[in-house]
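The chain contents come next:
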Amino acid sequence: MSTAPALLVLSGVSKSFGGVQAVAALDMEVRQGEVLGLIGPNGAGKTTVFNLVSGIQQPTSGSIRLAGAEIAGLRPDQVCRRGIARTFQTASFLPGMSVRENVELAAAFRDPAKIRARRTRDVVADALAKTELTDVADQPAELVNVSQQKRLEIARAIATEPLLLMTDEIVAGLNPSETDDLLRILVGLNREGMTLVFVEHDVRAVLSVSQRLIVLAQGKLLAEGDPRTVARSPDVIRVYLGSRYAGNQ
Amino acid sequence: MRLFDRPPGLSGQFAWLLAAGVGLALLPLALDPYWTRFAVFVFINIGLASAWNVIGGFAGYPSFGHSVFFGLGAYTGAILTVRYGLPFWTTLPLAGLAAGIFSLLFMPLFKQRGFYFALSTLAAALAVEAVVRSWTWVRGYKTSDHGWNLPNDMSVIFFYYLGLALLLACLASILLLIASRVGMALRAIHRDETVAASVGVDCARYKTIAFAFSAVWPGVFGAMYGPFLVYISAETVFDMKITLNMIVYSVFGGVGTFLGPIVGGVLLSAIDQIAWAHFLDYHSMIYGVVIVLIITFSPGGVLSWVRKPSGGLRS
Amino acid sequence: MLDVLLYGLLRGALYALASFGFALVLGVLGIVNMTHGLYIVLGAVLTHAMHAKGLPLPMAMTVAVAATGVFAVVIHKVLVERVFKANPLMVLVQTFGLSIVVTRALELWLGSSERLIRVDVPGLPIIEVGPVIVPTIEVILFLIALASALALMLLLERTDFGRSVRACRDNPRSAALLGIDVDSVYTRIMLVCGLWAGLAGALMVGIKPMAPYMHLNWTIDAFLIVIIGGQGSMVGVLLGGFLYGIVNYLAYYYFPSIAPALVFGALILVLLFRPQGLFGFGAVARK
């Protein structure tokens, strides 16, 4: 398990919608260079945490710091430029554009400093290569298969040259072999230094790649630590009892 | 396998534009004054529709109050000419600038989408029109006036070339916009703003830029319209039908494409003219019927008959 | 001041009546029907025309309202439905064009001037509220409007039709799977819209001059009321109508020359700060 310095720190983060407390005084951190698995049953608050970090929603209270700087309250595009990239749970490619054009968009709107440092064209080619999409790069995004569309999500995310990549149930809907391919790509990215937060329902996928695991339940942190230990803890099993899932939605 | 044709590069597009411009420049030699005058209206209409298309078609934010910028341009031009004696050449850019700056007031409306945006812009435009109608300093030279009389010692031919020049400049600037990062951002915003924002696109900024751009040109054309018609009033330059035409020309030709407003502008102006010449009393009805039929039977517009969605100059 | 408030409240019921259909169409079908104002104007103009030909007023109103309802259905089946299925946003433009065409036709047929029916029922008591004298006719129309509003609410709450409407509003696809003929529900909604808007117009022509060219203003008024009141609930629209009536009266009474600007300005403020409406729980449109 990594003991590297914290890259992303959530302190006392709470979010309520009307009367519903989606996240309650959550303290958690993501360490530099690690693969952190974030799991929890439906309604645990995973997606809310995701949206709070990526800027789509604002926390009711608490602070979110990236590399020491506060990012709570920033717009999604500002959060992206600070270095957090995300994928979406449902298909989010831009239709009527090719795979390449989808990735180009992300690369073209990087911080000007990043653009000066590395040409858009190179970043796009690199992102496509890493996600094994070079062969289908010029096909319309809506026509490639599901596995390729998932990889497009990743390619688009890494084309923003992020410090931290958060994936939201990225293996949902994939068969075991496609899941393995995707995980292999993600692990490869992590080996090159990308910090990864892996929000997932599929516990098997999570256990196979995560170096550390955090379990959320009812908006609070339930357990945290080594994946296998956490997955076997009675509290965690109790929380999942009754909601069987097979890894695929 | 390439499924899309690469659209002609920017220089290719400019070449086409130039060729069309040269061709049109020679046209007055063959036309009598009536048709020359008609052509000026067509140029203005195409310019307006193309400008609307940037925010309504490319960005996907249908503005239903856009005639407000045309009206503002016309009134700004009138005020600058009659009250301050500014020459024609300065009133045009100043009117455009005024319209562009005024459009920034619409920024809060961009928090909404679709119908809400459409109707909010409509309400805002009607509010502005109401203010203009009641603010005596703006609405006419004397406090009892309800319009502006403008000096006009320029010929129809002059307005033809002016209109053509402005239209070419307008279209060229649109081509540049589409090819730029702004165009890229608008395409993304149109399809999915959440995704666009998640990859670093500051949506509010680009929507503002697009809207201001789409307001400047109607402002300029408005300032040209005044002297051309010699008299302007709130009824004529704030008319809802101006907005409707902007939208319909774009939709008819193919909303969201570069050629759409041009094709729509030419064809619908011709239909309008024929209806007016032959069925004066029923002219607006016939024109309206044509619009309704077009939209009912082909929401994709003329260009969708001619070309399957395959790139080209489509956004 | 009291008189302005009172008049505003009385008229408010009629404004609300004019807007229910718009709210229904916007809330369930999700479209903005630019011919809505036309329904109101049709109800007014047809009522006046038939009354002028000698038909007793209640009959003229009934026929006018029925005709407006039929008109709304025909428009929907023949024109709007097709475009609605292809591209809902285009319905906005289509109905806009349509409203212009039909208005012009109406003007050619029945004349474009403003018209008003002077309703004279002898022997009615004069109604006084404190120092304010209220025209009896306004109170009568207010009551009719309120009754119609209640009837509509009952229709939507208690009947099978109302249940189908709610199912279609929440999730058309599920509704279809449950065996509900969604197209038929939509058509009946348009009928209801035409009838209630036509009734509003037929009532209005008794107290306010009405002319074909006013259709756009009425559409916008309906939109304003629905937005202010909240498109999710009919009660919200009713309250919105009252509020609108009062604000409108206030604006025109104290600042007549810029009254439209004030009213639209208020709309924009509501849209910006409370898009779900002052009273409503309706969903805010997302693209």
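What you see is a predicted model; the values in this text were computed from it and never measured. (Residues numbered from 1 in each chain as written. Chains lettered and ligands numbered in written order. Predicted model: local features only at pLDDT ≥ 70, side-chain atom pairs only at ≥ 80, totals over all residues.)

1. Quick look at the overall build of chain C
Our working rule: Working definition: helices are DSSP H or I runs of at least four residues, strands are E runs of at least two. Numbering for both runs from the N terminus. What the globule rule says is 2.2 Å times the number of residues to the power 0.38, and the radius of gyration is computed from C-alpha atoms. Between the buried cut of 20 or more and the exposed cut of 12 or fewer other C-beta atoms within 10 Å of a residue's own C-beta lies the partly exposed class, and all C-beta atoms are placed from the backbone. Any residue pair is listed as a contact if its two C-beta atoms, each placed from the backbone, are within 7 Å.
Each helix and strand counted, chain C has 11 helices and two strands in total. The linear arrangement of helices and strands in chain C, starting from the amino end, is α-α-α-α-β-β-α-α-α-α-α-α-α. Since a compact globule built from 287 residues should have a radius of gyration of about 19 Å, the 19 Å found for chain C is in line with a globular shape. Overall size of chain C, expressed as C-alpha extent along the three principal axes, is 60 × 45 × 35 Å. Residue burial in chain C is summarised as follows: out of 287 residues, 50% are buried. Sequence-distant contacts in chain C: of pairs separated by 6 or more residues, those separated by 24 or more amount to 76%.

2. What about helix H3 (residues 99-108) of chain A?
The element H3 of chain A is extensively covered by neighbouring structure, given that 10 of its 10 residues are classed as buried. Considered for burial, the residues of H3 of chain A that qualify are Val99, Arg100, Glu101, Asn102, Val103, Glu104, Leu105, Ala106, Ala107 and Ala108 of chain A. Considering only its buried residues, H3 of chain A is in contact with helix H5 (120-130) and helix H6 (146-158) of chain A together with helix H8 (181-191) of chain B.

3. Digging into the sheet that holds strand S6 (residues 84-86) of chain A
Residue and element names in this part refer to chain A. Our working rule: Two strands are counted as paired when DSSP detects at least two bridges linking them. As a rule, the C-alpha atoms of each element are fitted with a line to give its axis, helices using only the stretch in contact, and angles between N-to-C directions run from 0 to 180 degrees.
Taken in spatial order, the six strands make up an open sheet running S6-S7-S8-S3-S9-S10, and their pairing is mixed. Lying at the two open borders of the sheet, with one neighbouring strand each, are S6 and strand S10 (220-225). Shown here is a sheet whose adjacent strand axes are inclined to one another by a mean of 20°, direction ignored. As defined by bridge partners, strand S9 (residues 212-217) adjoins S10 across five bridges and the pair is classed as antiparallel. Within the sheet, the bridge partner assigned to isoleucine 214 lies in S10 and is glutamate 224. Its contacts with the sheet put helix H1 (residues 46-54) on strand S3 (35-39), S6, strand S7 (164-168), strand S8 (195-199) and S9, and the angle it makes with S7 is roughly 145°.

4. Quick word on the packing of H3 of chain A against H6 of chain A
Helices that pack against each other are described as a pair by the angle of their axes relative to one another and the distance between those axes. All names here are of chain A. The cut-off we apply is this: Here the word oblique covers every angle except those under 35 degrees (roughly parallel), over 145 (roughly antiparallel) and from 65 to 115 (roughly perpendicular). For a crossing to be left-handed, the near helix must be turned anticlockwise from the far one by less than a right angle; the clockwise case is right-handed. When residue character is reported, Ala, Val, Leu, Ile, Met, Phe, Trp, Tyr, Cys and Pro are called nonpolar, Asp, Glu, Lys and Arg charged, and the others, Gly included, polar.
Viewed as axis vectors pointing N to C, H3 and H6 meet at an angle of 30°, and their least axial separation amounts to 7 Å. It follows that H3 is roughly parallel to H6 by the angle criterion. Classified by chirality, the crossing of H6 by H3 is right-handed. Note on element contacts: H6 touches H3 through Leu152, Ala155 and Arg156, opposite Val99, Asn102, Val103 and Ala106. Taken together, the residues of the contact of H3 with H6 sort by class into five nonpolar, one polar and one charged.

5. Considering the arrangement of the chains
Ranking by contact count across two pairs of chains in contact places chains B and C at the top. No part of chain A reaches chain C; the closest C-alpha pair between them is 13 Å apart.

6. Description of the interface of chain C and chain B
Residue-level contacts link 35 residues of chain C with 33 residues of chain B. Only helix H3 (57-86), helix H4 (88-110), helix H9 (215-229) and helix H11 (259-273) of chain C provide two or more residues apiece to the side of chain C that touches chain B. Here the element with the most residues in the side of chain C that touches chain B is H4 of chain C; it accounts for 12 residues. Looking at side-chain class alone, the side of chain C that touches chain B contains 26 nonpolar, five polar and four charged residues.

7. Some remarks on the pairing of S9 of chain A
Residues and elements named next belong to chain A. Bridge analysis of S3 against S9 gives four bridges, and the strand direction is parallel. By the bridge assignment for S9, leucine 38 is matched with isoleucine 214. Count of turn residues in the S9/S10 antiparallel hairpin: two residues, of which glutamine 218 carries a positive phi of about 50°.

8. Re the nonpolar core
We count it as follows: Nonpolar cores are built from buried Ala, Val, Leu, Ile, Met, Phe, Trp, Tyr and Cys residues. These are joined into a set through C-beta atoms within 7 Å.
In terms of nonpolar packing, the biggest core is built from 269 residues, with Leu17 and Ile189 of chain C touching the most fellow members. Not counting the four nearest positions on each side in its chain, isoleucine 189 of chain C is found in contact with Leu24, Val25, Val28, Leu29 and Val165 of chain C.

9. Some points on the interface of chain B and chain A
Contacts between the two partners involve 16 residues from chain B and, on the opposite side, 23 residues from chain A. Of all the secondary structure elements, the ones that give two or more residues to the side of chain B that touches chain A are H8 and helix H9 (193-198) of chain B. Looking at the side of chain B that touches chain A element by element, the count peaks at four residues for H8 of chain B. Residues that form the side of chain B that touches chain A fall into these classes: nine nonpolar, two polar and five charged.

10. Some details on the pairing of strand S2 (residues 20-31) of chain A
As judged from the eight bridges shared by strand S1 (residues 6-17) of chain A and S2 of chain A, these two strands associate in the antiparallel manner. When the sheet's bridge partners are listed, valine 13 of chain A is paired in S2 of chain A with leucine 26 of chain A.

11. Describing the environment of glycine 57 of chain B
By the secondary structure assignment, glycine 57 of chain B is in helix H2 (residues 33-58). Discounting residues that sit within four places of it in the chain, glycine 57 of chain B has contacts with Ser250, Val255, Gly256 and Gly260 of chain B.

12. Observations concerning the confidence of the model for chain B
Residues and elements named next belong to chain B. Put simply, the test is: Confidence of the predictor at the level of single residues is captured by pLDDT, which takes values from 0 to 100.
Of all residues in chain B, 92% attain a pLDDT of 70 or more, and the chain-wide mean is 84. When the elements of chain B are averaged for pLDDT, helix H15 (residues 302-306) gives the smallest value, 60, and helix H10 (residues 203-229) the largest, 94. Predicted confidence is poor over residues 1-6, with pLDDT under 50, and the contacts of this stretch with residues over four places away or in other chains come to nine contacts. In this model residues 308-315 is a low-confidence stretch, pLDDT under 50, and it forms 20 contacts with partners more than four residues away in sequence or in other chains.

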